[in-house]
Protein chains: 2
Amino acid sequence: MTPLPGTLVVGQSGGPTAVINASLAGVIQEAHRHAAVTGIYGMRHGIEGLLAGDLIDLGAEPPDAVELLKRTPSAALGSGRYKLSDDDYARLLGILRRYDVRYFCYIGGNDSADTSHRLAALAAGERYELRVVGIPKTVDNDLVATDHCPGYPSVARWLALSVRDAGLDTEAIGVVDTVKIVETMGRDTGWITAATALARTHDGAAPHLIYLPERPLRRATFLADVARVHRALGHVVIAVCEGQKDEHGRYLSASTAAVDVDRFGHPQLGGAAAVLCAWVSGELGLKARFDKPGTIQRVGAALASPVDVEEAWRVGQAAVAHAAAGASGQMVILEREGNAPYRSRTALVPLEQVANRIRPVPDEFIAAAGNDVTPAFVEYAAPLLGGPLPPYARLRGQAVPPRH
Amino acid sequence: MTPLPGTLVVGQSGGPTAVINASLAGVIQEAHRHAAVTGIYGMRHGIEGLLAGDLIDLGAEPPDAVELLKRTPSAALGSGRYKLSDDDYARLLGILRRYDVRYFCYIGGNDSADTSHRLAALAAGERYELRVVGIPKTVDNDLVATDHCPGYPSVARWLALSVRDAGLDTEAIGVVDTVKIVETMGRDTGWITAATALARTHDGAAPHLIYLPERPLRRATFLADVARVHRALGHVVIAVCEGQKDEHGRYLSASTAAVDVDRFGHPQLGGAAAVLCAWVSGELGLKARFDKPGTIQRVGAALASPVDVEEAWRVGQAAVAHAAAGASGQMVILEREGNAPYRSRTALVPLEQVANRIRPVPDEFIAAAGNDVTPAFVEYAAPLLGGPLPPYARLRGQAVPPRH
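Peer 1: Tell me about the nonpolar core, and name the residues and values.
Peer 2: Counting 72 residues, the largest nonpolar core has Tyr152 and Phe377 of chain A together with Tyr152 and Phe377 of chain B as the members making the most contacts within it. For this core, the secondary structure elements donating two or more residues are helix H6 (152-173), helix H7 (191-194) and helix H13 (375-381) of chain A together with helix H6 (152-173), helix H7 (191-194) and helix H14 (375-381) of chain B.

Right under this line is the structure:
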């Protein structure tokens, strides 16, 4: 294929993560290797930046700053959630021509894949040669086609480490603070909540109950679950998703406040754990509290998975390499090659296949009772952490014989 | 002083931390060095374990498990918050005699110091030679006499790292999620909330507003603060304490307390941050969300301060060394010897001086406007992190010239 001279634009979209900048580093570093790429431009705050001509010259960034992006959380370009209008699409083509853009890389989730897909179709329709390659990113892990999404391994590791510690806390002080509910992120799928299962490194370890939004949470069943674990252990640690729904299909959080809706029509959630705490204290008379780490779990770079950092870089690098080689209308995905040792490779799928679709946690990863994950899920997710959790002391606890 | 043969009991009290087990390791390892200590017993769940004869033989724990306690969060003995009755005190002396206890080490806050102090006084009154030495522990950092409390440097480091990342998140996605409120622990003092200031590693960095419970939070002033930062930066990150009170002296969370205690299972709305989010969205029309890391900040061992781990071990070790040398009725404290490099030494103060007293954040650490800390606070707290936060990339962001 003849080289296509032109500039490359890259943007970051949706919720920032611990590793979305590693993908950006991969894009920039690979772009520097291709003579046909005559400029490397970053869109500020996603596609809105392109529309506004708010672009920064990434080609002019010092190599050491680009290298450091691999370990820098959040979205260095700024992120956004702008939904393009038909008008915007019509304008975009003129803007692309003006900046001589031939390579378009958009790092994001299924909304971004839709944006990229439509832009590719528009350019093709206008016979403007534009190579559009999507780069997957979402802590939600809900993109189809890919084994997993960059960002997910790091939120999984963050939760594995944090819920293990929070679980030991409840184990120690459960005589006072008996029930702890950890509310995780996750819009409509339970991948993030499920990852709390990776916190279990000893018998009886937290979390003792894990509810995924793929199953309704029934109040009576939930309370029976909590009572049962409390009888057995004297304390209970529960993981629940911010997007958990009840048996009537309503968000648990919906009972606390009017549900806010963002510009894509996604409800903005919060409050599931608070509702469950009220149920537990009101019905079971147990003291309940919740931890809601919120955005900290999403961007906490100090606990990022080394697998994730490397793969996030690699999907960015691969996107540019594929675009330079002629690919368009595609998204980079990860395919797992093995678990021992863990290995993955990149591949491409049509953006259309990814756009606006979500991948729920499959049935084989959800325990039949709907209050836990299966060993198959742990087998899937554990290798993504990049190694075992550090060992902790467990005392033998030999009893001192009573004296009278 | 003639050696006093007898057993040593040690207990952990109050909220578990990332490093309270390091203090336990210090106690056990030092106790093994003294021939007069004829047994090393751990109270399960604090003083309640001693009352119930629920003791474990720490002398029988393998040395490698004891060593690993230094890096194991939560309270390995189990913790508690039991307040002794006069009856309990009367019974305790008999129990001490029965187990031949001559050394009593209690790791905790000012409640524990009170328990230890009363026990020491009781034993002295009965002419039973008991060497009681308290070991400081509280993330709240509110004990008097000591420079700081083991546990605090680690929660400070956890928040510095986490709020820095959460702040970058809002900086990147503030066009959508404009206001973020991080609710920290801390009931009546603002030491923990203040530590979020250590997250600032660049101009304009989060948190932009820090409210401490030492000052009332006035609704009108708060909203004006938020509006001002929003005008300047386009986004706002706020740190607030779970125990923050309003200008009427009421806990912010109290405005939802009526719902909280409702027996009909009506949901509680959450705490201080949820109330502030409602103010911001209701009055300023800005989208607001909150992160409430809860117990995860208290016990997150992966981000523990190396200074804290070492000092927590050292106060445990010193307690036993001092008790073996004849001290009683004392608590170990930390005295700062220097900041460059940071150095501290242990010393003793009477338990009576610490018992039931709290140390608020002093005026010189609180900005006059009541919405931030002072540089003097940062100078005090930063050395406790054990080193600078890891560097992050900051893009130069050279604008691409507009094309027409």
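Okay, back to it.
Peer 1: Hey, could you go over the interface of chain B and chain A for me, with residue numbers and the actual values?
Peer 2: Facing the 76 residues of chain B at the interface are 80 residues of chain A. Buried surface at the junction of chain B and chain A, both sides included, amounts to about 6600 Å², of which 61% is carbon and sulfur. When the area that chain B buries against chain A is broken down by residue, the three leading residues are Leu395, Val400 and Arg403 of chain B, summing to 11%. The interface formed by chain B and chain A holds 4 salt bridges in total. The salt bridge partner of Arg298 of chain A is Asp169 of chain B, with a shortest N-O separation of 2.6 Å.

Peer 1: Please give an account of unusual backbone geometry that cites residues and values.
Peer 2: With an omega dihedral of -5 degrees, the bond running from Ala206 of chain A to Pro207 of chain A counts as a cis peptide bond. Checked against the element boundaries, Pro207 of chain A lands in the loop between H7 and strand E7 (209-210). Put simply, Ala340 of chain A and Pro341 of chain A share a cis peptide bond, and its omega is -5 degrees. Tracing the sequence through the fold places Pro341 of chain A in the loop between strand E12 (330-339) and strand E13 (342-350). The backbone phi angle of His45 of chain B is positive, close to 55 degrees, even though this residue is not glycine. Mapped onto the fold, His45 of chain B is located in the loop between strand E2 (37-43) and helix H2 (47-51).

Peer 1: How would you summarise helix H10 (residues 272-284) of chain B if you had to cite specific residues and measurements?
Peer 2: Along an α-helix, residues three or four positions apart point the same way, because every turn accommodates 3.6 residues. All names here are of chain B. The first and last C-alpha atoms of H10 sit 18 Å apart over 13 residues, in line with the 18 Å expected at 1.5 Å per residue. All of the buried residues along H10 are Ala272, Ala273, Ala274, Val275, Leu276, Cys277, Trp279 and Val280. Where H10 ends, the next residue or the one after it, Gly285, has phi of about 65 degrees, a positive value.

Peer 1: Can you break down the domain arrangement of chain A residue by residue, with the values?
Peer 2: As a measure of interface size, the accessible area lost when the parts come together is often cited. All names here are of chain A. Domain boundaries in chain A define domain 1 (6-139 + 302-353) and domain 2 (154-184 + 186-241 + 243-291 + 361-385). Between the C-alpha centres of domain 1 and domain 2 the distance comes to 33 Å. The partner domain 2 presents 17 residues to the 17 residues of domain 1 that form the contact. Where domain 1 abuts domain 2, roughly 1500 Å² becomes buried across the two surfaces, and 54% of that area is made up of carbon and sulfur atoms.

Peer 1: Quick rundown of the relation of the copies chain B and chain A? Include the residues and the values.
Peer 2: Under the fitted operation, chain B is carried onto chain A by 0.0 Å of movement along the axis and a turn of 180 degrees, and the coordinates agree to an RMSD of 0.1 Å. These values place the two chain copies in the arrangement generated by a two-fold rotation axis. When you check the interface residues of chain B against chain A, 92% turn up at the interface there too, and the contact is symmetric in its surfaces.

Peer 1: If you had to explain the packing of helix H8 (residues 219-233) of chain B against H10 of chain B to someone new, which residues and values would you point to?
Peer 2: Residue and element names in this part refer to chain B. At their nearest, the axes of H8 and H10 sit 11 Å apart, and the two run at 70 degrees to each other. One way to sum up the angle between H8 and H10 is to call them roughly perpendicular. In terms of crossing hand, the pair formed by H8 and H10 is right-handed. Between H8 and H10, the residues in contact are Arg219, Phe222, Leu223, Val226 and Ala227 and Leu276, Trp279, Val280, Glu283 and Leu284, respectively. Its residues assigned to classes, the contact of H8 with H10 comprises 8 nonpolar, no polar and 2 charged.

Peer 1: So what's going on with the sheet that holds strand E6 (residues 179-184) of chain A? Which residues, and what values?
Peer 2: Residues and elements named next belong to chain A. With parallel pairing, 4 strands are arranged side by side in an open sheet as E7-E8-E6-E11. With one partner strand each, in any of the chains shown, E7 and strand E11 (288-291) form the two edges of the open sheet. Both E6 and E11 contribute to a ladder of 4 bridges, which runs parallel. Considered in E11, the bridge of Lys180 is made with Arg289. Set on the sheet, helix H8 (residues 219-233) makes contact with E6, E7 and strand E8 (236-241); between it and E8 the angle comes to about 150 degrees. Along the sheet, helix H9 (residues 272-284) makes contact with E6, E8 and E11, crossing E6 at roughly 160 degrees.

Rules used in this analysis
- Residues numbered from 1 in each chain as written.
- Chains lettered and ligands numbered in written order.
- Predicted model: local features only at pLDDT ≥ 70, side-chain atom pairs only at ≥ 80, totals over all residues.
- Heavy atoms only, no water.
- Core = buried A, V, L, I, M, F, W, Y, C linked by side-chain atoms within 4.5 Å.
- Buried < 20%, exposed > 50% of the residue type's maximum accessible area, 1.4 Å probe, protein only.
- Helix = DSSP H or I, 4+ residues; strand = E, 2+ residues; numbered from the N terminus.
- Contact = heavy atoms within 4.5 Å.
- Buried area = accessible area lost by both parts, 1.4 Å probe.
- Salt bridge = Lys/Arg side-chain N within 4 Å of Asp/Glu carboxyl O.
- Expected span 1.5 Å × (residues − 1).
- Domains from an automatic or database assignment.
- Least-squares fit on C-alpha atoms with pLDDT ≥ 70 in both.
- Axes fitted to C-alpha atoms, helices over the stretch in contact; angles between N-to-C directions.
- Parallel < 35°, antiparallel > 145°, perpendicular 65-115°, else oblique.
- Left-handed = near helix turned anticlockwise from the far one by under 90°.
- Nonpolar A, V, L, I, M, F, W, Y, C, P; charged D, E, K, R; others polar.
- Pairing = 2+ DSSP bridges.

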